[in-house]
Amino acid sequence: MTNPASFEATTGPSEEVQGIVSPTAPSPSRKPRKRKGTKRPQQPESYFVSRLAERARLPEIAAPVTIDGLCDRLSEYLQPEQIAQVRSAYYHAAEAHQHQWRRTGHPYVTHPLAVANILAGMHMDHETVMAALLHDVIEDTNIGKSVLGARYGESVAQIVDGVSKLSTIFRSRAEAQAENFQKMAMAMAKDIRVIMVKLADRLHNMRTIGVMSDDQRKRIARETLDFYAPIANRLGIHHIKVEFEELGFGALYPLRADRIERAVKAARGNRKELMDELRKSLTDALQQEGIEAEVQGREKHLYSIYRKMRTQHKSFSEIMDVFGFRIVVPGVDHCYRTLGVVHNLYKPVAGRFKDYIAIPKVNGYQSLHTTLFGMHGVPIEVQIRTPQMDAVAENGIAGHWLYKSTNDAFQGSQQRARQWVRDLLDLQQRAGNPMEFIESLKIDLFPDEVYVFTPKGDILELPRGASPVDFAYAVHTDIGNRCVACRIDRHLAPLSQQLQSGQNVEIITAPEARPNPDWLTFVVSSKARSGIRQALKVQQEVDSVAFGRRLLNRSLASANKSINDLDFRRLRRVFKEFGVRRLNELLAAIGNGELMAYVVAQQLLAADDPDFQGITVDSIGPVAIRGGEGLVINYGRCCGPIPGDPIVGHMTPGRGFVVHVETCRNMVEIRRRHSGRDIIPAHWAPKTSAEFLTALRIEVQRRKGVIAEIASSVAEADAGVENISVEERNAEVTSVSLTVSVRNRTHLAAVMRRIRITGGIISINRVSA
């Protein structure tokens, strides 16, 4: 996937800076936002056309749409009273934008007119067309949502508000874009028509992208390829997705696009004769079997060719040597009969058949795909589908409005789109911040699916590279959170193993199990990532409260008090001073390292007892470390403390309590910087309940198999190898850095003894800071 680009949720005039807005004086309650740029007189259209002609690979700007032309188009499917409402919305928009101009030299209202015309081509309802005409009014003028709601209805106002970007000032463009898209996702959950207006808005801006500066053009093109084209694909609107990709590719890489286009035109002449011959052979074979079919040659798109060259490392000729055909037949049974005919005519390529009719793609796409060895050994890619499947493939969710159909296929596309939007809203609610939401969205927009079976025989669709943990979260979040092991095709398998299509997956759960942070290193689905993060967030909060309680009780114990002895009804003032409302919030802040326990104890005791004399840090006993405290106790990687080592700790905001060996050089530096204030005495509890990581450095004579022998020795000592790296010191000596998991110092000593008896060991030492 491409590098995350800055993403601006609005795609209206902010992408094409037009000049100063606001034809009327701002109201006292709402100050209109001014556009960048300077006010300028309208230039003759020929001036802008000549400027655009100087730029290569940029789309030609079409003549502006008129309101009469739009209404003529709407008269094909809307009632006269609905068209009258659309006209009213246009006049409102024209008045609101009357002093704004586009960089093309046209009045600004031509942009919402063009957006409305695109939606009219999809036969969108009159409310959506009205919202398209008004979609920049809230953002750019002093007209508010309530005014639109009162005049045109709440539905129209909600769509316009969903498309408008936030007016908040953000720290960075990336953050603003992420926040804006979050807002749009929430609006989409209420009304799916928001995204239709958004796509049409971006499509017209892409068609007129030639007026932008180079930097703006590249930024907008990158956003389009990264987000809008995948969203159109996710909703099944193929023709918009293709136009986004072609326009975005031409704007982002004009020279590459021009070169590929010229190569395609040159190859087209050489291919025509063979293409006609292949089409005739397919048509004749189908006619002989009595199957009425339309055989169409498929033209490859420029961006599709470029992407295959990049991702599959193929040359242009390798891609163009594959001939594509689409066969449209009357019914589903004809699809499978046609498949038998073409497989009988030309030999199929093994492993290249896909049945998207039985198992549709996530956007509702259905078709049979197969690859054949044609005449002269030419590879042929064939898609076989019904007219209804062809319409869904081209129009996706838009087919619901375009065909006014209650057909199951179009209803299915609507349902899938709404489910996707609901999933987006769930992602938005789980995300810790807007950038995390955008990361999850990008993963969700690029599905390359595998299909696996549950133990009951149900099919689940997962992104390629998915693991059993992704599967568990796809079944249910609670299953994912309590997952401990899995069986793939009835055999135990690692939770990190990548799944293949057709496998049967069974998840083994345990009531007390919790998600492992390491799962985030291999899960690929956005649902699993957001579920794990949410669970870890809750888990850390619980651990923080429990550990904060221990630390606060430890500090209060020096005054012979505990939390239970305090009357918190009289301590609300102290809570307010620390910026918390409840006791658990205070304890969590202590456990996370945001507040020091002895400082909080001082304040609480002073407020509880006016005669309190104070406590000193020295009077507070050490913290007992058991090893099972969860996410709020961390162990310094610099020194790798293990039970038996003399230890101390310090509180780090966000990380909680970090344990170090007393002699660790980093602790010396912390003492120096903080005068020992943040240092907390600690000791190991009599019984610890975990294994701990520590590092060894081994000098060994170079010989074949020595690394495997060292790893085997560690395993024989009942320890684990977490990491191993090798550095060649010279021709005779190899230095091995080994991270092992052990129970305590006694266990570590046994591991080191076992390693020493391996042949060729020169020295072995524990690594410490």
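Everything below is about the structure shown above.
Report follows, based on the coordinates. (Residues numbered from 1 in each chain as written. Predicted model: local features only at pLDDT ≥ 70, side-chain atom pairs only at ≥ 80, totals over all residues. Heavy atoms only, no water.)

With that out of the way, let us pick up the overall build of the protein. Within the protein, the regular secondary structure consists of 29 helices and 20 strands. Relative to its full complement of 769 residues, the protein shows a buried share of 50%. Sequence separation of 24 or more characterises 69% of the internal contacts of the protein that already satisfy a separation of 6 or more. When the accessible surface of the protein is summed, it comes to about 36,500 Å², and 49% of that surface belongs to carbon and sulfur atoms. (Helix = DSSP H or I, 4+ residues; strand = E, 2+ residues; numbered from the N terminus. Buried < 20%, exposed > 50% of the residue type's maximum accessible area, 1.4 Å probe, protein only. Contact = heavy atoms within 4.5 Å. Areas by Shrake-Rupley, 256 points an atom, 1.4 Å probe, with all protein chains shown as cover.)

If you walk through the whole model with that rule in mind, you get 12 aromatic pairs. Between Tyr228 and Phe244, the ring centres sit 6.2 Å apart and the planes meet at 55°, which makes this aromatic pair tilted. Here Phe244 lies in helix H12 (residues 238-252) and Tyr228 lies in helix H11 (residues 214-234), a separation of 16 residues in the sequence. The burial state of Tyr228 is the same as that of Phe244; both residues are buried. (Phe/Tyr/Trp six-rings, centres within 6.5 Å; stacked < 30°, edge-to-face > 60°.)

Enumeration according to the criterion identifies zero disulfides in this entry. Unpaired in terms of disulfides, Cys664 finds its nearest cysteine sulfur in Cys638, a separation of 3.5 Å. Look at Cys664 and you get buried, because its relative accessible area is 1%. (Disulfide = S-S within 2.5 Å.)

Moving on, we get to the packing of helix H10 (residues 193-207) against H11. Where H10 contacts H11, the two axes come as close as 11 Å, and the packing angle between them is 145°. Classified by chirality, the crossing of H11 by H10 is left-handed. In this structure, H10 contributes Ile195, Lys198, Leu199, Arg202 and Met206 to the contact, and H11 contributes Ile220, Ala221, Glu223, Thr224, Tyr228, Ile231 and Ala232. (Axes fitted to C-alpha atoms, helices over the stretch in contact; angles between N-to-C directions. Left-handed = near helix turned anticlockwise from the far one by under 90°.)

Let's shift gears to the packing of helix H2 (residues 67-74) against helix H4 (residues 110-121). Between H2 and H4, whose axes approach to 10 Å, the crossing angle comes to 15°. Classified by the angle their axes make, H2 and H4 are roughly parallel. Taken as a pair, H2 and H4 cross one another with a handedness that is left-handed. The segment H2 lies against H4, with Ile67, Leu70, Arg73 and Leu74 engaging Leu113, Ala116, Asn117, Ala120 and Gly121. (Parallel < 35°, antiparallel > 145°, perpendicular 65-115°, else oblique.)

Turning our attention to the pattern of salt bridges. Counted under the stated rule, the structure contains 28 salt bridges. Close ionic contact of Arg352 with Glu381 constitutes a salt bridge, the shortest N to O distance being 3.9 Å. Residue Arg352 is found in the loop between strand S3 (347-348) and strand S4 (354-355), and its partner Glu381 is found in strand S6 (residues 379-385); the two are separated by 29 residues along the sequence. Here Asp645 ties to Arg766 by a salt bridge, and the two come within 2.6 Å at their closest N and O atoms. (Salt bridge = Lys/Arg side-chain N within 4 Å of Asp/Glu carboxyl O.)

A word on the nonpolar core. The biggest cluster of nonpolar side chains holds 75 residues, and the ones touching the most others in it are Leu70, Leu74, Leu134 and Phe244. Setting aside residues no more than four positions away along its own chain, Leu70 makes contact with Val65, Val86, Leu113, Ala116, Asn117, Ala120, Val129 and Leu133. Grouped together as the second largest cluster of nonpolar side chains are 58 residues, Val574, Leu583, Ala588 and Met596 included. (Core = buried A, V, L, I, M, F, W, Y, C linked by side-chain atoms within 4.5 Å.)

Inspection of helix H14 (residues 302-311) places Leu302, Tyr303, Ser304, Ile305 and Tyr306 among the buried residues, and these make up the whole buried set. Among the residues trailing H14, His313 stands out with phi positive, at a value near 55°.

A word on unusual backbone geometry. Although it is not a glycine, Asp489 sits at a positive phi angle of roughly 50°. In this structure, Asp718 is a non-glycine residue whose phi angle is positive, near 65°. Counting through the fold element by element, Asp718 comes out in the loop between helix H28 (706-716) and strand S18 (720-728).

In terms of burial, helix H5 (residues 126-133) is a largely internal element, seven of the eight residues being buried. Burial in H5 covers these residues: His126, Thr128, Val129, Met130, Ala131, Ala132 and Leu133. On its buried face, H5 is in contact with H2, helix H3 (80-96), H4, helix H7 (145-152), helix H8 (154-163) and H10. Regarding H5, its N-cap is Asp125, as a side-chain oxygen of that residue lies 3.1 Å from the backbone nitrogen of Glu127 further along. (Polar contact = N/O pair within 3.5 Å; in protein donor to acceptor, adjacent residues only side chain to side chain.)

The next point concerns the environment of Gln539. Secondary-structure assignment places Gln539 in helix H23 (residues 526-557). Since its relative accessible area comes to 9%, Gln539 is described here as buried. Placed 93 residues apart in sequence, Gln539 and Val632 show a C-alpha to C-alpha distance of 9.7 Å.

What follows is about the pairing of strand S9 (residues 483-488). Inspection of the sheet shows S9 paired to strand S11 (residues 505-509) by five bridges, in the antiparallel sense. The residue bridging Cys483 from the neighbouring strand is Thr509, located in S11. The pairing of S9 with strand S10 (residues 491-493) spans three bridges and is antiparallel. Bridging across to S10, Arg487 finds its partner in Leu492. In textbook terms, the turn of a hairpin is the stretch between consecutive antiparallel strands, and for S9 and S10 this stretch comprises two residues, one of which, Asp489, has a positive phi near 50°. (Pairing = 2+ DSSP bridges.)

Within the open sheet, the five strands sit side by side as S12-S16-S14-S15-S13. Their pairing is mixed. The open sheet has two edge strands, strand S12 (623-625) and strand S13 (633-635), and neither has a second partner. Taken pair by pair, the neighbouring strands of this sheet meet at an average axis angle of 40°, ignoring direction. In the sheet, S13 pairs with strand S15 (residues 656-661) via three bridges, with the strands oriented parallel. Among the inter-strand pairings, Asn634 is bridged to a residue of S15, identified as Val658. Across the sheet, H23 is in contact with S12, S13, strand S14 (647-652), S15 and strand S16 (679-684); its angle to S12 comes to roughly 145°.

What follows is about the side chain of Arg326. Tracing the backbone through its elements, the reader meets Arg326 in strand S2 (residues 323-328). Among buried Asp, Glu, Lys and Arg side chains, Arg326 stands out as unpaired, with Asp390 the closest opposite charge at 4.1 Å. Among the polar contacts listed, one links the side chain of Arg326 to the side chain of Gln383, at a separation of 3.1 Å. The residues touching Arg326, leaving out its near neighbours within four places in the chain, are Glu294, Val295, Gln296, Arg298, Gln383, Arg385 and Asp390. (Lys, Arg positive; Asp, Glu negative; His and termini not counted.)

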